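Geometric and topological summary
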Amino acid sequence: MNSPTHGRIVAVNGPLVTCEVDEGREVLQNEVAYVMIGDVRLKSEVIRIRGRQIDLQVFENTTGLKVGDSAEFSGELLAATLGPGMLGMIYDGLQNPLAELENDQKFFLRRGQYLPSLDQTRLWDFEPMVQVGTQVRAGQYLGKVTEGLFPHPIMAPLVLLGTWEVEEIKPAGKYTVNDTVAILKSTDSQAQEKVNVMLKQEWPVKRPMRVYEERLLPDTQLLTQCRLIDIFFPLAEGGTSCIPGPFGAGKTVLQQIISRYAETDVVIIVACGERAGEVVETIREFPLLEDPKTGKSLMDRTVIICNTSSMPVAAREASIYTGITLGEYYRQLGLKVLLLADSTSRWAQALRETSARMEEIPGEEAFPAYLESRIAAVYERAGKVRLNTGETGSLTLIGTVSPAGGNFEEPVTQNTLKVVGAFYGLSRTRSDQRRYPAIDPMISWSLYIEQMQESLNTRHENWVELVQKAHNTIFRGDEVRQMMLVVGEEGMGLDDLVVYLKSEIIDAVCLQQDSFDKVDQATSRQRQISDFMLLMEMTDHSFVFESKDQAKAQMTRLQNLFFQLKYCPFEGDDYRRYRSEIESILNGKGVSHP
Amino acid sequence: MIIEHSRIVRVQGDIIAVPATDIAYGELATVKSRRGTSLAQVIRLRGEEVFLQVFAGSRGISTGDTVRFLGHPMQVAFGDALLGRIFNGSGEPIDKGPNLHALPRISIGGPSVNPVRRVIPRGFIETRVPMVDVFNPLVESQKLPIFSAAGEPYNDLLARIGMRANADVVILGGIGLKHDEYLKFRIAFEQAGVLSRTIMFVHTASDPVVERLLVPDMALAVAEQFGVQGKRVLVLLTDMTSFADAMKEIAISMDQVPSNLGYPGSLYSDLASRYEKAVDFDGAGSITILAVTSMPGDDVTHPVPDNTGYITEGQFYLRNGVIEPFGSLSRLKQLVIGKVTRGDHGYIMNSMIRLFARSREVEQKLAMGFDKTSEDERYLKYGRLFYDRFMDLRVDLGINDALDLGWKTLAECFRPDEVEIKQEFIDQYWPA
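Worth saying up front: this structure is predicted, and the values here are computed from it rather than measured.

Some thoughts on empty space enclosed by the protein
The full count for this structure, using the stated rule, is seven cavities of 30 Å³ or more. Size it by volume and the largest cavity reaches roughly 220 Å³. Gln349(A), Arg352(A), Ala404(A), Asn260(B) and Asn307(B) are the residues nearest the centre of the largest cavity, which is lined by 22 residues in total. Those elements giving two or more residues to the lining of the largest cavity turn out to be helix 6 (344-357) of chain A together with strand 17 (258-260), strand 18 (263-264), helix 6 (267-275) and helix 7 (303-311) of chain B. The residue makeup of the lining of the largest cavity, split by class, is ten nonpolar, seven polar and five charged. If you add up the space inside the second largest cavity, you get close to 170 Å³. Lining the second largest cavity are 15 residues, with Ile269(A), Ala271(A), Glu278(A), Thr282(A) and Asp342(A) sitting closest to its centre. Broken down by secondary-structure element, the contributors of at least two residues to the lining of the second largest cavity are helix 3 (251-261), strand 22 (266-272), helix 4 (276-285) and strand 24 (336-342) of chain A. Sorting elements by how many residues they give to the lining of the second largest cavity places helix 3 of chain A first, with four residues.

In structure tokens form, the structure reads like this:
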């Protein structure tokens, strides 16, 4: 197969183009092909092969294509280019750097322009870490450069199989991503194969990067600084979760807050088929925001993959895979990576559009029958691993889902719930009541609590038990509230009313978090523990009230104090003052223990 | 060289197929039949068969009619000469003005804006409708639908905004508009003397269904050009549900598998590619879109409003002839409130809405037969004033006048310590 395969277009149906190749030519499923409009090359991907007829999904608008136009096959799978210099970049779904495109294209994206994903001229300070003769496997570190905040190891190509020997390694110095810094030769004496190692390498985006010793059970918490998540439905490093919710329930704000404050090394944001305006906020604001952990700009730990709703649908399908591949790559460097995909429903709809054009037999709501396995395959690429180098790295995945009509019974939500470890269901009722984040504590869950028990209990002995107790109070409070709707407040017992009032305090000061307030928008681990323990003192306290009015008055006062407390900077003077006031109510006069 | 093809081998819905070669996907053609000439667009190529959607519909087309391919995709004339003009659903002038053959033509449905060339919206579009300006202000480059049941005065509202909004260019795209409504728009714009900054693309309910598909694209392509030239453009579309229904018809004719209530699986992308034309260009003008989306059965979970809600930046609900204060939302409002507008704006907005919610509660309480207290009386009075001075769509007030009237209304019904507004603003604005 020396000369590239050529094809001739025989049909055009939106982004689905069928071409015919000569008998006996080799074509690879998912290989990249280019269809030609004059001298403009439109990138596309092989998605079905039927005899000589090859179906391509074209990643661009196909207006102007004619029957008889030519197609060129590349022989390569759709791949991401990986190497130093990706942090801080804004890519489209095919990893074109959007900021570079703007220079010659003014406002609009012109089709058929593809630029290298990495800066071709920048020089990196390379330091070798191995000697000639060292035996290496895929993913082993041969040297390193420094990319912003992190040492960025240069690895033996991840696609290598078997053991290789370092034949040549370049001395320390400045190199571009395209310079060869090492030559490896196969230890298989018959093969005589050699590979050049550059600072950059490629990986086919749809193939999981399984270059590690073993996958580990996710047993440590990934702190998001969102109380509702961290305390009640904790997420594990290397875990997966989904956030479904109707429009206007606050998915976007929640995602933005997590992407800012999650305690992780690298954040990858995949804006998949969503509004451009939201991405613009991130693009324009992140460079100005400081990462509290490093003191550098937040953008220095962030990569944005941006295929908004008006950009071509086929590239939207690719964007999630591109994002995950970048995430897996940073995991190979021994880093903690968080990937936020907003929204997986738009990705699933892209699958549906292509499937419909291929006239496949549809499944539920016209989604293709393989929807379930595709969703599962995406989420399964997250995980915590022990690398070949002995280090650990993790890739955590949070996907939002936009269910039609806000109905969680639809296929994308249901198939996602089967494979994720935590579910943060946003409810219209809570968002209408302005109780943000509108994660519904009555329906959400996390499967990580048990496997993280040990790590969670380092917060406080019995932490998990205490959280369960608080959660039960919320459930009880809701029961009482429902009862109250029927019998009115007059028909309630005093004890039930107190349970309800306690649950309202937990809701107001712990579950609800003000994403627009500088103090309240992120809560550190230490503060979560401290404030929650105080809240539990209140929950456990046996209040003695003479009347419902007295109960309401007292509890409202308490709620207000807790409320003021949450807006005060941690351990400041105001914080201490409110805290001691609350403590004196809980220990002091007028309230006695039975 | 233009070749005519005169063998139509398939007519299905408003789709026809002819055998032809060397035809480009998306190309425009004319179909000449006994009924007259219609534009048509290539929507699929399969071997030597070319499928076209015929904008005037396929009724009366015979297998012997001629199809001429024009060698380019759909285009629309562009230039300042468009201002004040009225066009039909295929872009032909329908007023008595001069022809526009000399103008350059631009392609419709162009590529999307590079996200890195957008800026965070920061302009306030004053509409002089208090329920919009005070409570959910429209921000330059925002896309907002008006969700509305049948029979609501949504076109009146659009016309009012079209007349009063402080934009450089207003473009109206009428999709399946009743002829009376079209005339009302025209008369309203003429009488308000704003026709000279207005461009109308009007497809009326009696026009061929497929022509509906062109209206948003033409309106937005023209808007985009003005925007690039630095103009602040407001695009009014009514009604996007009719647009979605036309898409449904085409999809079904093409034997596409429907996803939900017959709508194609691409509904979200199709709507988004139009709404996403709303933009604030870095270093040029902006496009703001206000679009009516009628809700069949007053059901917001219907696929059209539902998909729209995920795309747009908030929504207005029009119920019982007024913009509903609860449920309506402008997601971008915090970008202008108190920043472009007066410092007291945010406080007035929150207080007035909170108090209006109380007055509704009082109404409900009284409806259930409870006794009326003197406090109730004050809330009822406030509710009436709020309705007359703010909710009534006929009210025509600038933002600062509306805020002042807000203070006056609060002062007529409440004491300063009842309205939960920061003391410094009370000191500054509370009427003596």
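Here we look at the pattern of salt bridges
Tallied over the full model, the rule gives 60 salt bridges over all chains. Note that Glu278(A) and Arg275(A) form a salt bridge whose closest N and O atoms lie 2.3 Å from each other. Grouping residues by exposure puts Glu278(A) and Arg275(A) together as buried. Among the salt bridges present, the one from Asp298(B) reaches Arg319(B), with a minimum N-O distance of 3.9 Å. Note that Asp298(B) is positioned in the loop between strand 20 (286-294) and helix 7 and Arg319(B) in strand 21 (residues 314-319), a separation of 21 residues in sequence. Classification of Arg319(B) as partly exposed rests on a relative accessible area of 29%.

Some words on the nonpolar core
All names here are of chain A. Membership of the largest hydrophobic core comes to 82 residues, with the highest contact counts inside it found for Leu142 and Leu184. Among the elements that take part in this core, helix 5 (residues 313-332) stands out by supplying nine residues, more than any other. Within the second largest apolar cluster, 80 residues are counted, among which are Ile90, Val464, Leu511 and Met538.

Considering helix 4 (residues 214-228) of chain B
All names here are of chain B. Taking 1.5 Å as the rise per residue, helix 4 with 15 residues should run 21 Å; its terminal C-alpha atoms sit 21 Å apart, in good agreement. The buried count for helix 4 comes to 13 of 15 residues, which makes it a mostly enclosed element. Looking one or two places after helix 4, you find Gly230, whose phi comes out positive at around 100°.

Topic: the domain arrangement of chain B
All names here are of chain B. The domain architecture assigned to chain B consists of domain 1 (3-73), domain 2 (76-330) and domain 3 (345-429). Here domain 2 and domain 3 have C-alpha centroids that lie 33 Å from each other. Between domain 2 and domain 3, the contact holds 22 residues from the first and 22 residues from the second. Roughly 1800 Å² is buried in total at the junction of domain 2 and domain 3, and carbon and sulfur atoms are behind 69% of that figure. Taken as a group, Val134, Phe135 and Phe326 account for 32% of the area that domain 2 buries against domain 3, more than any other trio of residues on that side. Where domain 2 meets domain 3, there are three salt bridges. For Arg128, the salt bridge is made with Asp396, and the minimal N-O distance between the two is 2.8 Å. One can count six residue pairs in polar contact (both at pLDDT 80 or more) joining domain 2 with domain 3. Among the secondary structure elements, those contributing two or more residues to the side of domain 2 that touches domain 3 are helix 1 (130-133), helix 2 (154-164) and strand 22 (322-323).

A few points about the sheet that holds strand 10 (residues 135-136) of chain A
The pairing of strands in a sheet comes from backbone hydrogen bonds and takes either a parallel or an antiparallel form. All names here are of chain A. The strand order across the open sheet built from four strands is 10-13-15-16, with neighbouring strands paired in antiparallel fashion. In the strand order of this sheet, the two ends are held by strand 10 and strand 16 (194-198), each with one partner. In this structure, strand 10 lies alongside strand 13 (residues 164-169), joined through two bridges in antiparallel fashion. Paired with Gln135 across the strands is Glu165, a residue of strand 13.

Focus: the sheet that holds strand 11 (residues 141-147) of chain A
Residue and element names in this part refer to chain A. Strand order in the open sheet formed by four strands is 12-11-9-14, with antiparallel pairing between adjacent strands. Whereas interior strands pair on both sides, the edge strands pair on one side only; in this sheet they are strand 12 (150-155) and strand 14 (173-175). Pairwise comparison of adjacent strand axes, ignoring direction, gives a mean angle of 40° for this sheet. When strand 11 meets strand 12, the two strands line up antiparallel, connected through six bridges. Its bridge partner lying in strand 12, Tyr141 is registered against Met155.

As for the interface of chain B and chain A
At the junction of the two partners, chain B supplies 50 residues and chain A supplies 56 residues. With both chains or domains summed, chain B and chain A bury close to 4700 Å², and 56% of this area falls on carbon and sulfur atoms. Summed over the shared surface of chain B and chain A, the number is three salt bridges. Linking Arg44(B) and Glu359(A) is a salt bridge whose minimum nitrogen-to-oxygen distance equals 3.7 Å. For the pair chain B and chain A, the number of links is 25 residue pairs in polar contact (both at pLDDT 80 or more). Sorting the residues of the side of chain B that touches chain A by element identifies strand 5 (36-46), helix 4, strand 17, helix 6 and helix 7 of chain B as the ones contributing at least two each. Here the side of chain B that touches chain A gets six residues from one element, more than from any other, and that element is helix 7 of chain B. Broken down by class, the residue content of the side of chain B that touches chain A amounts to 24 nonpolar, 15 polar and eleven charged. Two elements, strand 1 (residues 6-13) of chain A and strand 5 of chain B, share two bridges in a ladder whose sense is antiparallel. Residue pairing in the sheet places Ala11(A) in a bridge with Arg46(B) of strand 5 of chain B.

Regarding the environment of Phe201(B)
Residue placement: Phe201(B) occurs in strand 15 (residues 198-204). What makes Phe201(B) buried here is its relative accessible area of 1%.

Structural notes on helix 15 (residues 548-566) of chain A
It helps to recall that an α-helix has 3.6 residues per turn; residues three or four apart then point in one direction. Residues and elements named next belong to chain A. With 19 residues, helix 15 should reach 27 Å at 1.5 Å per residue; the first-to-last C-alpha distance of 27 Å fits that figure. The complete set of buried residues in helix 15 reads Ala551, Met555, Leu558, Leu561, Phe562, Leu565 and Lys566. Down the axis of helix 15, the smallest arc covering the buried residues is 140°, so these residues share one side. For helix 15, the exposed residues lying more than 90 degrees away from the buried face are Asp549 and Ala553. Taken together, the buried residues of helix 15 touch helix 2 (227-232), helix 13 (494-511), helix 14 (525-540) and helix 16 (573-587).

Rules behind the numbers
Residues numbered from 1 in each chain as written. Chains lettered and ligands numbered in written order. Predicted model: local features only at pLDDT ≥ 70, side-chain atom pairs only at ≥ 80, totals over all residues. Heavy atoms only, no water. 1 Å grid on protein atoms, 1.4 Å probe; cavity = no way out; pocket = protein on both sides within 12 Å on 5 of 7 lines; lining within 4 Å. Points joined across faces, edges and corners; volume = space filled by probe spheres on them. Helix = DSSP H or I, 4+ residues; strand = E, 2+ residues; numbered from the N terminus. Nonpolar A, V, L, I, M, F, W, Y, C, P; charged D, E, K, R; others polar. Salt bridge = Lys/Arg side-chain N within 4 Å of Asp/Glu carboxyl O. Buried < 20%, exposed > 50% of the residue type's maximum accessible area, 1.4 Å probe, protein only. Core = buried A, V, L, I, M, F, W, Y, C linked by side-chain atoms within 4.5 Å. Expected span 1.5 Å × (residues − 1). Domains from an automatic or database assignment. Contact = heavy atoms within 4.5 Å. Buried area = accessible area lost by both parts, 1.4 Å probe. Polar contact = N/O pair within 3.5 Å; in protein donor to acceptor, adjacent residues only side chain to side chain. Pairing = 2+ DSSP bridges. Axes fitted to C-alpha atoms, helices over the stretch in contact; angles between N-to-C directions. Arc of directions from axis to C-beta.

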